[in-house]
Amino acid sequence: MNPTDVAQSVLPLTSADLSIWGLFWSAHIVVKAVMIGLLIASIWVWAIVIDKTLLYARTKRAMDRFEQTFWSGQSLEELYRTQSARPAHSMAALFVAAMREWKRSFEGASRAIGGLQMRIEKVMDVTIAREIERLERRLLVLATVGSAGPFIGLFGTVWGIMTSFQSIAASKNTSLAVVAPGIAEALFATAIGLVAAIPATIFYNKFVSEVNKQAQRLEGFADEFAAILSRQIDEAA
Amino acid sequence: MKAGWTISAVLHGAVLAWGLVTFVTKPLNATPPEFISTDIISDADFSQITQGIRSAPKAEAPKPLVEKIAEARPVEEQTAKVIDNKPEIVPTADQVQPPKPPEPKKAEAKPPAPQPQPKPEPKQAFAKEPAPKVDPIAEAIKKDTKKPEPKTQQKAETPPKKVEPAKPQPKFDATRIAALLDKRDPQRKAATGDTLSNTPSLGTAAGRAVTLSQNELDALRARLRECWNVPVGVAEARDLVVTVRIQFKQDGSLQTDPRLMNSGSHPAFQVAAESALRAVRTCAPYSFLPAAKYEAWKDVIVDFDPRDMFRG
C-alpha cells in the first residue's frame, strides 16, 4: 500500500465531524442501539424524577393539611364523612380505613368489639404498606439505571473501540488520525451512560430517604390514631 | 406520570438541541507526526564523537577550514587577520636608513655608457695644465684611467659583491626604538586547500574527542594516568604490568585500600607496584564517577602498564 492510498483511506476518517449528530451517525449499529437505549433510559429517569418530586410534594402537603384538621378538635365522625367522600391518599386513607373498620364493628347488627383493636391495627398496617408501595413505585427503575447505565455505556464503548481497531487493521496505519474518531464515537456511548446514570443514582438516594421519612410519619400517625381508637373501644365496652 | 414523561422528553430534546449547536463541530484534523530517525551507537563510539556545530549544513565529509584555493597548508592560529599570500615583510632597518639597494642597481645598469665619460674629463684637465709638473698625479691619473676599466667590468660582473659590503649594519639606537617596532596588526597567511570553505563543518575543525564525552571508565583511566608518577626504572621496562583492584564507595572514595592482584619477577616490579598503589590513593575521591551507575564501577580492576601508561 503506497502512501497516497493510505491517505485516501484515512481521509474520510480524519474529516469525521465530532458534533453530537456526527458521532451518533457514524457509530456502529450496536453502539447506536446502546446510545438510543440510554437516551430513552435517561428520558424515563427524568420523567420518574419529575413525577416523584411532584408526588412527594403533594403527599407532604396533604399530610400537613390532614394533621392540621385532625388535631383541630373536629369530631371523628364529621372528619370521616368529609374524607370518605373523595378518594383519599396517605394519612387520610389511613384514617378512612381505620374509621371504616370501626364503624363496621359498631354499627353492624352484632357488635364485635373483642378483636376490634387488632383488626384496626391490621387494616392500618395494610394501608401503610399500600401507601408506601404507591410512593416507592418506579424507584427501582432509578436504581437499575443508576447501576446498569455505566455498564451499558461501557459496552457501547468497547464495541466501538473494537470497530475502530478493525479500521486500524484495515488502513494498516496506527496514526492518531485513524484511531481518534472511532474512539471518540465509542467514548460518546459511555458519556451518555454516565449522563443517564448519575442523576438516577442521586435522585434514587434522595427519594428513598424521602419515602422513609413519609413512612415513619404514617406509622407515627397510625400509632397515635390506634391509641385514640383503643381508648374509645375501652370506654364503649 | 404523563406530565413527567412530557417534561422529561422536552428537557432532553432541549439539551440535545443545545448540544448540537454548541458541541465541537470542528473536524478532527490530526497532522501526521514527524519522524525522528535514531541511531544506536556504542559507548566507544560515543567516547570518540567529535564536537560539531549544531546548525552547520550537512557535508558529505568533514572538510578542513580553507580560505583560498592553492596547495594545502593549514593555519596555526585562526584569530589573526587574513592577508594575501604576498610576503610583504620589509626589513625593519629600511625605516631607519634610506634604502641603499637601488644605488648598486644603477651602477649595475649604467656601466657601459656613463662611466667612460667622467674618466676622460679629469684626464684632459689634468693633462693640459700641469702636465710636466705633477708627475705623481699624472701617474696616478694614468693608473686611474687604466684601472677603472677592469673595475667597471668587475662591477658589471658581480654587483652583489659590492652591495653586500655597502649595506650598512643597522645601528641600535635606543631613542629610535619606536620606529623599529612593527606597527601592523598581527596577520596570518590564508589557509589554502582544494576547495573553499569558510565555516567549520559539522563535526570537525576543533573536535574535542576524548575529553568531551568519556564514559566512566575512560574518565577513571584518564584520572589515574594523571596521578601515576611512573618511576624512572619502570618507564623503560618491558612486560611489566601492575594489576590493581580498586573498590569504591558510593561517593567515589576508596572502600578498601587498593590491592595488588599480580606479582612479577622484574626487579622494578615492586617499585612500580608501590607507585601504582600510591597513585590510586592520592587521587582518592573519584567524585566524578556518576552515583547512578555505581554498580558499574564499585569494583574495578585496572592494569597499570608503563608502555601506554595502562589499560583498564
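Residues numbered from 1 in each chain as written. Chains lettered and ligands numbered in written order. Predicted model: local features only at pLDDT ≥ 70, side-chain atom pairs only at ≥ 80, totals over all residues. Heavy atoms only, no water.

1. Let's talk about the overall build of chain A
Okay, step 1: Along its length, chain A carries eight helices and zero strands.
Okay, step 2: If you list the helices and strands of chain A from N to C, you get α-α-α-α-α-α-α-α.
Okay, step 3: Burial analysis of chain A (237 residues in total) assigns 44% to the buried set.
Okay, step 4: Relative to all contacts within chain A whose residues are 6 or more apart in sequence, the contacts with residues 24 or more apart total 80%. (Helix = DSSP H or I, 4+ residues; strand = E, 2+ residues; numbered from the N terminus. Buried < 20%, exposed > 50% of the residue type's maximum accessible area, 1.4 Å probe, protein only. Contact = heavy atoms within 4.5 Å.)

2. A word on unusual backbone geometry
Okay, step 1: Phi at A:Arg138 takes a positive value of approximately 75°, unusual for a residue other than glycine.
Okay, step 2: If you trace the backbone, A:Arg138 turns up in the loop between helix H6 (116-136) and helix H7 (139-171).

3. Structural notes on a positive patch on the surface
Okay, step 1: There is a patch of like positive charges on the surface, built from A:Arg58, A:Arg61, A:Arg65 and A:Arg86.
Okay, step 2: Assessed through its relative accessible area of 46%, A:Arg58 is described here as partly exposed. (Patch = residues over 30% accessible without salt bridge, like charges linked within 9 Å, V, L, I, M, F, W, Y side chains within 5 Å. Areas by Shrake-Rupley, 256 points an atom, 1.4 Å probe, with all protein chains shown as cover. Salt bridge = Lys/Arg side-chain N within 4 Å of Asp/Glu carboxyl O. Lys, Arg positive; Asp, Glu negative; His and termini not counted. Charge placed at Lys NZ, Arg CZ, Asp CG, Glu CD.)

4. A few points about the pattern of salt bridges
Residues and elements named next belong to chain A.
Okay, step 1: One pass over the full model with this rule turns up ten salt bridges over all chains.
Okay, step 2: A salt bridge links Glu 101 to Arg 104; its shortest N-O distance comes to 3.9 Å. Taken together, the residues Glu 101 and Arg 104, both in helix H5 (residues 90-107) and three residues apart, mark about one turn of the helix.
Okay, step 3: Among the charged side chains, a salt-bridge network with shared partners connects Asp 64, Glu 67 and Arg 217.

5. Points about the state of the cysteines
In protein chemistry, a disulfide is the covalent bond that joins the sulfur atoms of two cysteines.
Residues and elements named next belong to chain B.
Okay, step 1: Per the counting criterion, the structure on display carries one disulfide over all chains.
Okay, step 2: Residue Cys 227 pairs covalently with Cys 283 via a disulfide, S to S 1.4 Å. Residues Cys 227 and Cys 283 are joined through a disulfide that is left-handed, its torsion about the S-S bond being -115°. Taken together, the residues Cys 227 in helix H11 (residues 216-227) and Cys 283 in the loop between helix H13 (269-282) and helix H14 (294-297) connect sequence positions 56 residues apart.
Okay, step 3: Judged by relative accessible area, Cys 227 falls into the partly exposed class, the value being 22%. (Disulfide = S-S within 2.5 Å.)

6. Points about the packing of helix H3 (residues 29-70) of chain A against H7(A)
All names here are of chain A.
Okay, step 1: At a closest axis distance of 10 Å, the pairing of H3 and H7 adopts a crossing angle of 160°. As far as their axial angle goes, H7 and H3 are roughly antiparallel. By crossing handedness, the relation of H3 to H7 is classed as left-handed. For the pair H3 and H7, the contacting residues are Val 30, Val 31, Val 34, Leu 38, Ala 41, Trp 44, Val 45, Ile 48, Val 49, Lys 52 and Tyr 56 in the first and Leu 139, Val 141, Leu 142, Val 145, Gly 149, Ile 152, Gly 153, Phe 155, Gly 156, Trp 159 and Gly 160 in the second.
Okay, step 2: Residue classes in the contact of H3 with H7 are distributed as 17 nonpolar, four polar and one charged. (Axes fitted to C-alpha atoms, helices over the stretch in contact; angles between N-to-C directions. Parallel < 35°, antiparallel > 145°, perpendicular 65-115°, else oblique. Left-handed = near helix turned anticlockwise from the far one by under 90°. Nonpolar A, V, L, I, M, F, W, Y, C, P; charged D, E, K, R; others polar.)

7. A word on the nonpolar core
Okay, step 1: In this structure, A:Phe95 and A:Phe225 are the most contacted members of the largest nonpolar core, which totals 44 residues.
Okay, step 2: For this core, the secondary-structure elements that each account for two or more residues are H3, helix H4 (76-84), H5, H6, H7 and helix H8 (176-236) of chain A.
Okay, step 3: With 13 residues, H8(A) is the largest single contributor of residues to this core.
Okay, step 4: In this structure A:Phe225 touches A:Phe70, A:Leu76, A:Phe95, A:Ala98, A:Met99 and A:Met124, once residues within four positions along its chain are discounted.
Okay, step 5: Counting 25 residues, the second largest nonpolar core, distinct from the first, contains B:Val244, B:Leu254, B:Ala273 and B:Val300. (Core = buried A, V, L, I, M, F, W, Y, C linked by side-chain atoms within 4.5 Å.)

8. A few points about the side chain of B:Ser8
Okay, step 1: Structurally, the position occupied by B:Ser8 is in helix H1 (residues 2-22).
Okay, step 2: By relative accessible area, B:Ser8 is classed as buried at 0%.
Okay, step 3: Only 2.4 Å separates the side chain of B:Ser8 from the backbone oxygen of A:Ile43, close enough to count as a polar contact. (Polar contact = N/O pair within 3.5 Å; in protein donor to acceptor, adjacent residues only side chain to side chain.)

9. Side note on the pairing of strand S5 (residues 242-247) of chain B
Residues and elements named next belong to chain B.
Okay, step 1: Counting buried residues in S5 gives five out of six residues, a clear majority hidden from the surface.
Okay, step 2: As paired elements, S5 and strand S7 (residues 299-304) share six bridges and run antiparallel to each other. Opposite Ile 246, over in S7, you have Val 300 as the bridge partner.
Okay, step 3: Two elements, S5 and strand S6 (residues 259-260), share two bridges in a ladder whose sense is antiparallel. Residue pairing in the sheet places Arg 245 in a bridge with Arg 259 of S6. (Pairing = 2+ DSSP bridges.)

10. Overview of a nonpolar patch on the surface
Okay, step 1: The grouping of A:Trp21, A:Trp25, B:Leu20 and B:Val21 at the surface amounts to a nonpolar patch, some 490 Å² of accessible area in total.
Okay, step 2: Listing elements by their share of the nonpolar patch, those giving two or more residues are helix H2 (20-25) of chain A together with H1 of chain B.
Okay, step 3: In this structure, A:Trp25 sits in helix H2.

11. Concerning a negative patch on the surface
All names here are of chain A.
Okay, step 1: On the surface, Glu 121, Asp 125, Glu 219, Asp 223 and Glu 224 cluster together into a patch of negative charge.
Okay, step 2: Secondary structure elements with two or more residues in the negative patch: H6 and H8.
Okay, step 3: Its place among the elements puts Asp 223 in helix H8.

12. Observations regarding the packing of H5(A) against H8(A)
Residue and element names in this part refer to chain A.
Okay, step 1: Where H5 contacts H8, the axes come no closer than 10 Å and their chain directions differ by 20°. Considered as vectors, H5 and H8 are oriented roughly parallel to each other. The interaxial crossing formed by H5 with H8 has right-handed handedness. Here Ser 90, Met 91, Leu 94, Phe 95, Ala 98, Met 99, Trp 102 and Phe 106 of H5 lie close against H8, whose contacting residues are Arg 217, Leu 218, Phe 221, Ala 222, Phe 225, Leu 229, Gln 232, Ile 233 and Ala 236.
Okay, step 2: Looking at side-chain class alone, the contact of H5 with H8 contains 14 nonpolar, two polar and one charged residues.

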